[in-house]
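Architecture and fold: a report
Residues per chain, in single letters:
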Amino acid sequence: MLLVGMPWLLKNLFSTIFEKQMLGQYLIPLGKYIGATGAVVVVSICICTLLRPSGIAAIVVNALISGGITLIVFYLLFRKSEEFKRAIGIIDRVTRGKFKLNKRIK
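Below is a summary of the structure that appears in this document. (Residues numbered from 1 in each chain as written. Predicted model: local features only at pLDDT ≥ 70, side-chain atom pairs only at ≥ 80, totals over all residues. Heavy atoms only, no water.)

Turning our attention to the state of the cysteines. With the rule as written, the count across this model stands at zero disulfides. Free cysteine: C46, not disulfide-bonded; nearest cysteine sulfur from C48 at 9.6 Å. (Disulfide = S-S within 2.5 Å.)

Here's what the structure looks like:
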């Protein structure tokens, strides 16, 4: 479904609503997000398969590893992007400045 629907959707969006020149501005960040997600998945699977806890500990350890790797990789790749800065601003507003993330992350 994704392989058929996504190209059709992009063709329709960029032929009727947006200019065709803007397709690259959309696809390049999308490709970065997909690549980063793929890298996170591969690294998380490799690390989680090396550790073999059992029971509830396995769920907790795997969740911490996967979440931690995701946060680290996405921070390293996207910390200078405008979307990241806006997201940090939103987090600061929602938490009413308790964490002061705008000052810590520059």
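For the rest of this paragraph, the subject is the side chain of S81. On the secondary structure map, S81 appears in the loop between helix 3 (56-78) and helix 4 (82-94). Taking relative accessible area as the criterion, S81 reaches 18% and is therefore assigned buried. A polar contact of 3.3 Å, which involves the side chain of S81, links it to the backbone nitrogen of F84. (Helix = DSSP H or I, 4+ residues; strand = E, 2+ residues; numbered from the N terminus. Buried < 20%, exposed > 50% of the residue type's maximum accessible area, 1.4 Å probe, protein only. Polar contact = N/O pair within 3.5 Å; in protein donor to acceptor, adjacent residues only side chain to side chain.)

Here we come to the packing of aromatic side chains. Taken as a whole and judged by the stated rule, the model has three aromatic pairs. Consider the rings of Y33 and F78, whose centres lie 4.7 Å apart with planes at 40°: the pair is tilted. Here the residue Y33 occupies a position in helix 2 (residues 23-50), and F78 occupies one in helix 3, the gap between them amounting to 45 residues. Judged by its relative accessible area of 33%, Y33 is partly exposed. (Phe/Tyr/Trp six-rings, centres within 6.5 Å; stacked < 30°, edge-to-face > 60°.)

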